[in-house]
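Letter by letter, the chains look like this.
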Amino acid sequence: SDRAFGVCFYDVEMEREILREQKIKHELARVAAGDENNGLFLQYQPILDLKSNRVCGFEALARLNSEQLGLVSPLEFIPIAEETKLIVPVGWNVFLQAFRFLKKLKEKGFDTINVFINVSAIQVLAENFTDDLLEMIREAEVCPENIGIEITESVFSMDYQGINRVLGNLRDFGLHIAIDDFGTGYSSLARERELNVDCLKIDKFFVDKLLTLSAEDAITADIISMAHRLGHCVVAEGVEHEEQKEYLLRNGCDKIQGFLVARPLDEEAALELIRSQAGTGPEST
Ligand code: C2E
Ligand code: MG
Ligand code: MG
Ligand code: MG
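Just so we're clear, the structure is a prediction, and the values are computed from it rather than from any experiment. (Residues numbered from 1 in each chain as written. Chains lettered and ligands numbered in written order. Predicted model: local features only at pLDDT ≥ 70, side-chain atom pairs only at ≥ 80, totals over all residues. Heavy atoms only, no water.)

Section: the overall build of the chain
Part 1 of the reasoning: Across its full length, the chain holds 11 helices and nine strands.
Part 2 of the reasoning: Taken as a whole, the chain presents about 14,400 Å² of accessible surface, with 52% of it coming from carbon and sulfur. (Helix = DSSP H or I, 4+ residues; strand = E, 2+ residues; numbered from the N terminus. Areas by Shrake-Rupley, 256 points an atom, 1.4 Å probe, with all protein chains shown as cover.)

Listed below in structure tokens is the structure:
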């Protein structure tokens, strides 16, 4: 009957889901075990400084290339990594790869380019996180001043004090701290005052609103001016259209990131982009 078919179909779908999740866990466990041929790699999305109109840094974005599943989005595998706590070793692998990229930039003389790395609250709260990170920075021979940490504002619903303390320590060592997806969650601008951060990344949700001339326009302008009053730098995420860029420029936003500038790039393409802009002066772009 139809009903029997429906139930059967549902089971098949469920089973497929569970199987897929198992495969992802298996891939993540290989990363955690230090398997050289694991499928974790990074892409780098340029961050454009609006004042100079030059790329001043990159955000490192994790990708998982599974032999069986093909390319898996971080929106799918990061939550699984968090649930299984595999995010801690996987996160160290992300740091390692990002630092290698940073080292290459440094060796080529591009020592003002910063790399921002996404971290989960579970990583930040893991034992010895600060010491282990500083040790890895030393071993990788990169400068703390070239490293940024992105953490989503939803973490402030967790161990706010604990996380804020770690972020403060990292800042003392020269790292930059950015609140990711700002405006979507828990923190308020009033609370930003107590946060040990340098930078707010305005979520794509608000950047999208800039296209429809509604009240949200003012909200974005308010976020920018309030952040500046607190001494924070402002990055707008998910900028896809010239009109958005112009609005953000007019309202004093410091930096933008999005498909308008570039999609996330493989390491070679990211290096090539920096090489190509090195030949041009600040005014020539
Ligand atoms: P996020 O940190 O907010 O990163 C921005 C996401 O927006 C990226 O998605 C990026 O590819 C996408 N994006 C950038 N510009 C545009 C645009 O103009 N239009 C549109 N439609 N999208 C744009 P992605 O790479 O799929 O990453 C998704 C999320 O996964 C990230 O959001 C971040 O929260 C998380 N993630 C990625 N890598 C890591 C990691 O190494 N560790 C942790 N803990 N989370 C990560
Ligand atoms: Mg991010
Ligand atoms: Mg973001
Ligand atoms: Mg996001």
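What about helix α6 (residues 160-172)?
Part 1 of the reasoning: Taking 1.5 Å of rise per residue, 13 residues should cover 18 Å, and α6 covers 18 Å from first to last C-alpha, within 8% of that figure.
Part 2 of the reasoning: Y160, G162, I163, N164, V166, L167, G168 and L170 are the residues of α6 that are buried.
Part 3 of the reasoning: Immediately beyond the C-terminal end of α6, within one or two residues, lies G174, with a positive phi of roughly 105°. (Expected span 1.5 Å × (residues − 1). Buried < 20%, exposed > 50% of the residue type's maximum accessible area, 1.4 Å probe, protein only.)

What to know about the side chain of Q45
Part 1 of the reasoning: Here Q45 is to be found in strand β1 (residues 40-49).
Part 2 of the reasoning: In terms of polar contacts, Q45 uses its side chain to reach the side chain of Q257, at 2.9 Å.
Part 3 of the reasoning: Sequence-distant contacts of Q45, that is, excluding residues within four places in its chain, are made with G57, F58, E59, L61, Q257, G258, F259, A262, R263, P264 and L265. (Polar contact = N/O pair within 3.5 Å; in protein donor to acceptor, adjacent residues only side chain to side chain. Contact = heavy atoms within 4.5 Å.)

Remarks on the coordination of the magnesium ion (ligand 3)
Part 1 of the reasoning: Here the magnesium ion (ligand 3) is held by D180 (OD), D181 (OD), E237 (OE) and E237 (OE), and the distances to it run 2.0 to 2.5 Å.
Part 2 of the reasoning: Here the magnesium ion (ligand 3) and the magnesium ion (ligand 2) are spaced 3.7 Å apart, and both take D180 as a donor. In this pair, D181 is assigned in strand β6 (residues 176-182) and E237 in the loop between β8 (233-236) and α10 (242-250), connecting sequence segments 56 residues apart. (Donors = N, O, S within 2.8 Å, 3.2 Å for Na, K, Ca; no water.)

Side note on the state of the cysteines
Part 1 of the reasoning: By the definition in use, this model includes zero disulfides.
Part 2 of the reasoning: The thiol of C199 is unpaired, and the distance to the nearest cysteine sulfur, on C233, comes to 3.6 Å.
Part 3 of the reasoning: Residue C199 is classed as buried on the basis of its relative accessible area, which comes to 6%. (Disulfide = S-S within 2.5 Å.)

Describing the packing of helix α3 (residues 87-107) against helix α5 (residues 129-140)
Part 1 of the reasoning: Where α3 contacts α5, the two axes come as close as 10 Å, and the packing angle between them is 30°. Classed by the angle they form, the pair α3 and α5 counts as roughly parallel. In this structure, the crossing between α3 and α5 has a hand that is right-handed. For the pair formed by α3 and α5, the contact residues are W92, F95, L96, F99 and K103 on the first element and F129, D132, L133, M136, I137 and A140 on the second.
Part 2 of the reasoning: Residue composition of the contact of α3 with α5, grouped by class: nine nonpolar, no polar and two charged. (Axes fitted to C-alpha atoms, helices over the stretch in contact; angles between N-to-C directions. Parallel < 35°, antiparallel > 145°, perpendicular 65-115°, else oblique. Left-handed = near helix turned anticlockwise from the far one by under 90°. Nonpolar A, V, L, I, M, F, W, Y, C, P; charged D, E, K, R; others polar.)

Observations regarding the site of ligand 1
Part 1 of the reasoning: If you check the shell around ligand 1, you find 23 residues, and the closest are E59, R63, D180, E240 and F259.
Part 2 of the reasoning: In the model, an oxygen atom of ligand 1 is placed 3.0 Å from a nitrogen or oxygen of the N118 side chain.
Part 3 of the reasoning: Within the side chain of D180, a nitrogen or oxygen atom sits 2.8 Å from an oxygen atom of ligand 1.
Part 4 of the reasoning: Coverage of ligand 1 by the protein amounts to 81% of the 800 Å² it exposes when considered alone.
Part 5 of the reasoning: Here the shell around ligand 1 takes four residues from strand β2 (residues 54-66), the largest share from any one element.
Part 6 of the reasoning: Within the shell around ligand 1, the residues separate by chemical class into 10 nonpolar, five polar and eight charged. (Near = heavy atom within 4 Å.)

Observations concerning the pairing of strand β5 (residues 147-152)
Part 1 of the reasoning: A large share of β5 lies buried, amounting to five of its six residues.
Part 2 of the reasoning: By the bridge criterion, five bridges tie β5 to β6 in an arrangement that is parallel. What sits directly across from I151, in β6, is I179. (Pairing = 2+ DSSP bridges.)

Points about the confidence of the model for the chain
Part 1 of the reasoning: With 89% of its residues at a pLDDT of at least 70, the chain reaches an overall mean of 91.
Part 2 of the reasoning: Scored as a complex, the prediction yields pTM 0.93 and ipTM 0.98. (pLDDT = per-residue confidence, 0-100.)

Focus: the packing of α5 against α6
Part 1 of the reasoning: It is the contact of α5 with α6, at a shortest axis distance of 10 Å, that shows an interaxial angle of 25°. Taken together, α5 and α6 sit at an angle that is classed as roughly parallel. You can see that α5 and α6 cross each other, and the crossing is right-handed. In this structure, α5 contributes F129, T130 and L133 to the contact, and α6 contributes V166, N169 and L170.

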